[in-house]
Amino acid sequence: MNSPIGTRAHFPALAYEQQDAVFAPAFELIRQAIADHTVPAASVAITYQSSLIGLKAFGRFTYDAEAPEATVKTVFDLASVTKVIATTSMAMILYERGLLDLDLPVVAVVAEFAGEDPRRDAVTLRMLLAHSSGLPAYEKLFLRAKTRDELLSAAFATPLAANPGAKAAYSDIGFIILGIALERIAEESLDRFCQHEVFGPLAMTHTAFNPPSAWRAFIPPTSNDQSFRRRIIQGEVQDENASVMGGVAAHAGLFAGAQDVAIFAHAMLAGGQPILRPETMALFTRRESSPPGTAHALGWDMPSSPSQSGKYFSANSFGHLGYTGTSLWIDPERQLSVTLLTNRTWPDCSNQTIKQLRPKFHDAVVEALGCT
């Protein structure tokens, strides 16, 4: 699993020889979080002004003293970070090619979304990206759907919880539907499209949906699922809805190592090069003007108050969190990206203290760089 970084001009230069000294306080936060059982394992990657200045792993796959140690090659279940690295990238590329009309009604592409509620006809693809569709945040569709088709039918029929465009409310259901719309527009599945349009061009060689079995030794478990699948979840998606969908879903399912996420972040900081044009990046990473007060851009999250990005990231920064304890935050003003990957859901999802760790870690990174 050798790193491709540095083989092409658009990769960040390797410059993390001094990371232990520079980021000592930030790294100590991670070590303490592991000691406190906030997370078993963590991998971090920090890019700053075109260089990869931090790449380090901490902890073990589980809290067992005999569990494998995490390394910089450890691959994590990204959970909802899938929404930006895969799904939003696909949307940006299709938009750039003139194939995606953001203001097209969803029913024009996904006829199954229509229903007795006339408000559904007003939901646009932009609203799905901006989390303003009126769809609810989450539904346990997996409890009543045994196959991908059954789950999609349930997603398409999910009732609106609010008027379209009236308020911003983060929605997994909206992204599931968005993914199907994008696949129909592209006439190709999400995983295949992203492989040849995003992961391949960026040489993200350790990024995949449904990672091959040979990767299992590099992937820490995310949960001991005794209620639904009744097995330890390792090397397969933790999200149950994505699992029923076969591991390929627009809201969750992508696996990657921190180094690959850093390559992607570096491309975003470079105005999308080499996979996107700067004007496309600018459009999708600009905070939406509607609904008022939204903390969403198109696909991307932006800082709210208080923010998981901490107190220093600029108002123009963008990023995303993942349920399994993953996150990516990018600040174009500082030319800074911070990737933090963990499996905080092991052995179950009851521990929420990652919410305190993330902003403290981001703050410590910015303070270490002296760019507060």
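Preceding this section is the structure that the text describes.
Calculation criteria
All residue numbers refer to position in the chain's written sequence, counted from 1. Selection of residues for local features in this predicted model requires a pLDDT of at least 70, selection of side-chain atom pairs for listing and counting requires 80 or more, and totals for whole chains, interfaces and linings are taken over all residues. Processing note: side-chain calculations cover all non-hydrogen atoms of the structure and skip hydrogens and water entirely. Strands are labelled as partners when DSSP assigns at least two bridges between them. Where helices and strands are cited, they refer to DSSP runs of H or I of at least four residues and of E of at least two residues respectively, numbered from the N terminus. Here a residue-residue contact requires only that any non-hydrogen atoms of the pair lie within 4.5 Å. Axis definition: a line fitted to C-alpha atoms, limited for helices to the stretch in contact. Angles are taken between N-to-C directions and run from 0 to 180 degrees. Definitions used for this entry: grid spacing 1 Å over protein atoms alone; cavity, a set of points where a 1.4 Å probe fits but cannot get out; pocket, an open set with protein on both sides within 12 Å along at least 5 of 7 lines; lining residue, one with an atom within 4 Å of a point. Grid points are joined across faces, edges and corners, and a volume is the space filled by probe spheres set on the points. Note on residue classes: Ala, Val, Leu, Ile, Met, Phe, Trp, Tyr, Cys and Pro are nonpolar, Asp, Glu, Lys and Arg are charged, and everything else, Gly too, is polar. Per-residue accessibility, obtained with a 1.4 Å probe over protein chains only, is compared with the maximum for each type, and a residue is labelled buried under 20%, exposed over 50%, and partly exposed between these values. Salt bridge, as applied in this entry: a Lys or Arg side-chain nitrogen positioned within 4 Å of an Asp or Glu carboxyl oxygen. Pairing of aromatic side chains requires ring centres within 6.5 Å, counting the rings of Phe and Tyr and the six-membered ring of Trp. Pairs whose planes differ by under 30 degrees are stacked, by over 60 edge-to-face, and all others tilted. Comment: the charge-over-ring label is applied if NZ (Lys) or CZ (Arg) is within 6 Å of the ring centre and within 35 degrees of the ring normal.

## Regarding the sheet that holds strand β2 (residues 41–48)
Thinking step 1. Ordered by their spatial adjacency, six strands build an open sheet running β1-β3-β2-β11-β10-β9, and the pairing between neighbours is mixed. Of all strands in the sheet, those with a lone pairing partner are β1 (13–14) and β9 (318–322), marking the two edges.
Thinking step 2. Across the sheet, helix α2 (residues 24–35) touches β2, β3 (51–59) and β11 (336–342), and the angle it forms with β3 is around 20 degrees.
Thinking step 3. Set on the sheet, helix α11 (residues 354–369) makes contact with β2, β3, β9, β10 (326–331) and β11; between it and β11 the angle comes to about 145 degrees.

## Observations concerning the layout of surface pockets
Thinking step 1. As a volume, the largest pocket reaches approximately 900 Å³.
Thinking step 2. Around the largest pocket, the lining comprises 38 residues; the ones closest to its centre are Gln 238, Asp 239, Gly 322, Tyr 323 and Arg 344.
Thinking step 3. For the lining of the largest pocket, the secondary structure elements donating two or more residues are β6 (223–225), β9 and α11.
Thinking step 4. Among the residues forming the lining of the largest pocket, the class breakdown is 13 nonpolar, 13 polar and 12 charged.
Thinking step 5. Here the second largest pocket defines a volume of roughly 200 Å³.
Thinking step 6. Every element with two or more residues in the lining of the second largest pocket is listed here: α9 (258–269) and α10 (278–284).
Thinking step 7. A total of three residues in the lining of the second largest pocket trace back to one element, the largest contributor, which is α10.

## Regarding the pairing of β10
Thinking step 1. The element β10 is extensively covered by neighbouring structure, given that six of its six residues are classed as buried.
Thinking step 2. Burial along β10 is two-sided: Thr 326, Leu 328 and Ile 330 and Ser 327, Trp 329 and Asp 331, pointing in opposite directions, are all buried.
Thinking step 3. Here β9 runs beside β10; their pairing, made up of five bridges, is antiparallel. Of the residues in β10, the one forming a bridge with Phe 318 is Ile 330.
Thinking step 4. In textbook terms, the turn of a hairpin is the stretch between consecutive antiparallel strands, and for β9 and β10 this stretch comprises three residues, one of which, Gly 325, has a positive phi near 105 degrees.
Thinking step 5. Pairing geometry for β10 and β11, over five bridges, is antiparallel.

## Digging into the pairing of strand β8 (residues 254–257)
Thinking step 1. Covered by surrounding structure in β8 are Leu 254 and Ala 256 together with Phe 255 and Gly 257, the residues of both alternating faces.
Thinking step 2. Sheet topology places strand β4 (residues 75–77) next to β8; three bridges connect them, and they run antiparallel. Its bridge partner lying in β8, Phe 76 is registered against Ala 256.
Thinking step 3. With three bridges joining them, strand β5 (residues 207–209) and β8 adopt antiparallel strand pairing.

## Overview of the pattern of salt bridges
Thinking step 1. One pass over the full model with this rule turns up 14 salt bridges.
Thinking step 2. Among the salt bridges present, the one from Asp 172 reaches Lys 83, with a minimum N-O distance of 2.6 Å. In this pair, Asp 172 is assigned in helix α6 (residues 172–186) and Lys 83 in helix α3 (residues 82–96), connecting sequence segments 89 residues apart.
Thinking step 3. Exposure remark for Asp 172: the relative accessible area of 8% places this residue in the buried category.

## Describing the packing of aromatic side chains
Thinking step 1. Under the counting rule described, the total for this entry stands at six aromatic pairs.
Thinking step 2. Centre to centre, the rings of Phe 27 and Phe 58 are 5.3 Å apart; their planes meet at 65 degrees, and the pair counts as edge-to-face. Of this pair, Phe 27 sits in helix α2 while Phe 58 sits in strand β3; the two residues are 31 residues apart in sequence, bridging distant segments of the chain.
Thinking step 3. The exposure class assigned to Phe 27 is buried, which follows from its relative accessible area of 1%.
Thinking step 4. An aromatic cluster of at least three residues, connected via ring pairs, comprises Phe 23, Phe 27 and Phe 58.
Thinking step 5. Positioned above the aromatic ring of Phe 175 is the side chain of Lys 83, whose terminal nitrogen or guanidinium carbon lies 5.9 Å from the ring centre.
Thinking step 6. Lying over the aromatic face of Phe 113, Arg 120 brings its terminal NZ or CZ to 4.2 Å of the ring centre.

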